[in-house]
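# Structural overview for review
Residues per chain, in single letters:
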Amino acid sequence: MNILGCLAAFIAMALAYLCSRNQRLLARPIGPGGRIGAAVFAVVALIAWIAGETSLPGIFAAATALMFSAVALPYITWLFRPATARKTR
(Lines give C-alpha, C1' and ligand atoms only; values in the text may rest on other atoms or scores of the structure.)
Protein backbone atom coordinates (compact mmCIF):
# COMPACT_ATOMS: atom_id res chain seq x y z
CA MET A 1 0.00 0.00 0.00
CA ASN A 2 2.90 2.34 0.63
CA ILE A 3 4.10 2.10 -2.96
CA LEU A 4 0.56 2.73 -4.20
CA GLY A 5 0.36 5.77 -1.91
CA CYS A 6 3.66 7.15 -3.23
CA LEU A 7 2.66 6.55 -6.82
CA ALA A 8 -0.76 8.17 -6.37
CA ALA A 9 0.84 11.17 -4.63
CA PHE A 10 3.34 11.60 -7.47
CA ILE A 11 0.59 11.40 -10.10
CA ALA A 12 -1.53 13.89 -8.14
CA MET A 13 1.26 16.43 -7.95
CA ALA A 14 2.25 15.84 -11.58
CA LEU A 15 -1.30 16.66 -12.67
CA ALA A 16 -1.38 19.69 -10.38
CA TYR A 17 1.96 20.84 -11.82
CA LEU A 18 0.78 20.41 -15.41
CA CYS A 19 -2.28 22.57 -14.61
CA SER A 20 -0.05 25.41 -13.39
CA ARG A 21 0.77 28.43 -15.54
CA ASN A 22 4.43 28.08 -14.53
CA GLN A 23 4.94 24.54 -15.78
CA ARG A 24 7.60 23.98 -18.45
CA LEU A 25 6.70 20.64 -19.99
CA LEU A 26 3.70 21.55 -22.13
CA ALA A 27 3.06 24.52 -24.38
CA ARG A 28 -0.17 25.24 -22.51
CA PRO A 29 -1.41 24.06 -19.12
CA ILE A 30 -3.95 21.26 -19.15
CA GLY A 31 -7.58 22.08 -18.43
CA PRO A 32 -9.67 21.88 -15.27
CA GLY A 33 -10.04 18.12 -15.67
CA GLY A 34 -6.44 17.83 -14.57
CA ARG A 35 -7.19 19.59 -11.30
CA ILE A 36 -10.06 17.21 -10.63
CA GLY A 37 -7.79 14.28 -11.43
CA ALA A 38 -5.12 15.69 -9.10
CA ALA A 39 -7.65 15.91 -6.28
CA VAL A 40 -8.86 12.36 -6.93
CA PHE A 41 -5.31 10.97 -6.91
CA ALA A 42 -4.51 12.93 -3.73
CA VAL A 43 -7.49 11.31 -2.01
CA VAL A 44 -6.39 7.90 -3.33
CA ALA A 45 -2.91 8.54 -1.90
CA LEU A 46 -4.43 9.46 1.45
CA ILE A 47 -6.61 6.35 1.51
CA ALA A 48 -3.71 4.11 0.49
CA TRP A 49 -1.45 5.52 3.20
CA ILE A 50 -4.15 5.21 5.85
CA ALA A 51 -4.81 1.61 4.77
CA GLY A 52 -1.10 0.81 4.92
CA GLU A 53 -0.49 2.52 8.23
CA THR A 54 -2.90 3.68 10.91
CA SER A 55 -4.86 6.91 10.62
CA LEU A 56 -2.50 9.59 11.96
CA PRO A 57 0.77 8.20 10.53
CA GLY A 58 -1.05 7.62 7.23
CA ILE A 59 -2.18 11.23 7.06
CA PHE A 60 1.32 12.51 7.77
CA ALA A 61 2.88 10.08 5.28
CA ALA A 62 0.43 11.14 2.56
CA ALA A 63 1.08 14.82 3.26
CA THR A 64 4.83 14.22 3.17
CA ALA A 65 4.63 12.30 -0.11
CA LEU A 66 2.48 15.03 -1.67
CA MET A 67 4.81 17.80 -0.50
CA PHE A 68 7.93 15.96 -1.63
CA SER A 69 6.42 15.40 -5.08
CA ALA A 70 5.35 19.04 -5.32
CA VAL A 71 8.89 20.20 -4.56
CA ALA A 72 10.68 17.60 -6.69
CA LEU A 73 8.65 17.95 -9.90
CA PRO A 74 9.96 21.40 -10.97
CA TYR A 75 13.53 20.18 -10.44
CA ILE A 76 12.90 16.99 -12.39
CA THR A 77 11.43 19.13 -15.17
CA TRP A 78 14.48 21.38 -15.07
CA LEU A 79 16.72 18.34 -15.65
CA PHE A 80 14.84 17.47 -18.83
CA ARG A 81 14.14 20.97 -20.10
CA PRO A 82 16.17 23.86 -18.66
CA ALA A 83 14.67 27.35 -18.65
CA THR A 84 17.33 28.63 -21.07
CA ALA A 85 16.25 26.09 -23.71
CA ARG A 86 12.62 27.12 -23.41
CA LYS A 87 10.99 29.27 -26.06
CA THR A 88 9.05 32.35 -25.00
CA ARG A 89 5.31 32.20 -25.19
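Not measured: the values here are computed from a predicted model. (Residues numbered from 1 in each chain as written. Predicted model: local features only at pLDDT ≥ 70, side-chain atom pairs only at ≥ 80, totals over all residues. Heavy atoms only, no water.)

The next subject is a nonpolar patch on the surface. There is a patch of nonpolar side chains on the surface, built from Phe10, Ile76, Trp78, Leu79 and Phe80 and spanning about 570 Å² of accessible area. Assignment of secondary structure puts Phe80 in helix α3 (residues 55–80). Classification of Phe80 as exposed rests on a relative accessible area of 69%. (Patch = residues over 30% accessible without salt bridge, like charges linked within 9 Å, V, L, I, M, F, W, Y side chains within 5 Å. Areas by Shrake-Rupley, 256 points an atom, 1.4 Å probe, with all protein chains shown as cover. Salt bridge = Lys/Arg side-chain N within 4 Å of Asp/Glu carboxyl O. Helix = DSSP H or I, 4+ residues; strand = E, 2+ residues; numbered from the N terminus. Buried < 20%, exposed > 50% of the residue type's maximum accessible area, 1.4 Å probe, protein only.)

This part is about the side chain of Ser69. Examined against the element boundaries, Ser69 turns out to sit in helix α3. With relative accessibility at 5%, the residue Ser69 sits in the buried group. In this structure Ser69 touches Ala9, Phe10 and Met13, once residues within four positions along its chain are discounted. (Contact = heavy atoms within 4.5 Å.)

Once that is clear, we can look at the packing of helix α2 (residues 32–52) against α3. α3 packs onto α2 with a crossing angle of 140° between their chain directions and a minimal axis gap of 7 Å. In terms of orientation, α2 and α3 fall into the oblique class. With respect to the hand of their crossing, α2 and α3 are arranged in right-handed fashion. Across the interface between the two elements, Ala42, Ala45, Leu46, Trp49 and Ile50 from α2 touch Ser55, Gly58, Ile59, Ala61, Ala62, Ala65 and Leu66 from α3. Each residue belonging to the contact of α2 with α3 can be placed in one class, and the counts come to 10 nonpolar, 2 polar and no charged. (Axes fitted to C-alpha atoms, helices over the stretch in contact; angles between N-to-C directions. Parallel < 35°, antiparallel > 145°, perpendicular 65-115°, else oblique. Left-handed = near helix turned anticlockwise from the far one by under 90°. Nonpolar A, V, L, I, M, F, W, Y, C, P; charged D, E, K, R; others polar.)

Turning to the packing of helix α1 (residues 2–19) against α2, a few remarks are in order. Relative orientation and spacing of two packed helices are given, respectively, by the angle between their axes and the distance between those axes. Interaxial distance between α1 and α2 falls to 8 Å at its minimum, and their mutual angle equals 160°. Judged by the inter-axis angle, α1 sits roughly antiparallel to α2. Where α1 crosses over α2, the two elements pack in a sense that is left-handed. On α2, the residues touching Asn2, Leu4, Gly5, Cys6, Ala8, Ala9, Ile11, Ala12, Leu15, Ala16 and Cys19 of α1 are Gly34, Arg35, Gly37, Ala38, Phe41, Ala42, Val44, Ala45, Ala48, Trp49 and Gly52.

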